[in-house]
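If you want the building blocks of each chain, they are given just below.
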Amino acid sequence: MDLTDEQWEVIKPWIPDPPRRLDGRGRPWRDARQVLNGILWILRTGAPWKDLPNRYPSYQTCHRRFQQWVREGVLESVLRALAEDL
């Protein structure tokens, strides 16, 4: 079960904008909502990252963003906002 539009609106302010390179190089970041849905799928199921279904971004992308958001405290804020929304 992915985030509903209403849930996404509640947590969207907590998701930081991706950093921009000054030289404009590099790939564009995957959509934060898709990545978060992949992260939440892993947290819900307890499955290994490599078993992330194809409907989500790659497991490497989701895992890397998960690690970044944990370090920055983003994921804690998102989970609190979702819990309060329930």
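## Focus on the nonpolar core
In this structure, Ile11, Ile15, Leu36 and Trp69 are the most contacted members of the largest nonpolar core, which totals 23 residues. When contributions to this core are tallied by element, the ones reaching two or more residues are helix H1 (5-11), helix H2 (32-45), helix H3 (59-72) and helix H4 (74-85). Leaving out residues up to four positions away in the same chain, isoleucine 11 has contacts with Leu3, Leu36, Val78, Ala81 and Leu82.

## Quick notes on H3
Taking 1.5 Å of rise per residue, the 14 residues of H3 would be expected to cover 20 Å, and the 20 Å separating its terminal C-alpha atoms lies within 8% of that figure. For H3, the set of buried residues is Thr61, Cys62, Arg65, Phe66, Gln68 and Trp69. Directly beyond the C-terminal end of H3, a positive phi value near 80° is found at glycine 73.

## A few points about the packing of aromatic side chains
Applying the stated criterion across every chain yields a total of one aromatic pair. Aromatic side chains tryptophan 49 and phenylalanine 66 sit 5.4 Å apart centroid to centroid with 50° between the ring planes, which places their arrangement in the tilted category. Of this pair, tryptophan 49 sits in the loop between H2 and H3 while phenylalanine 66 sits in helix H3, placing them 17 residues apart in sequence. Take tryptophan 49: its relative accessible area is 18%, and that puts it in the buried class.

Scoring rules and cut-offs
- Residues numbered from 1 in each chain as written.
- Predicted model: local features only at pLDDT ≥ 70, side-chain atom pairs only at ≥ 80, totals over all residues.
- Heavy atoms only, no water.
- Core = buried A, V, L, I, M, F, W, Y, C linked by side-chain atoms within 4.5 Å.
- Buried < 20%, exposed > 50% of the residue type's maximum accessible area, 1.4 Å probe, protein only.
- Helix = DSSP H or I, 4+ residues; strand = E, 2+ residues; numbered from the N terminus.
- Contact = heavy atoms within 4.5 Å.
- Expected span 1.5 Å × (residues − 1).
- Phe/Tyr/Trp six-rings, centres within 6.5 Å; stacked < 30°, edge-to-face > 60°.

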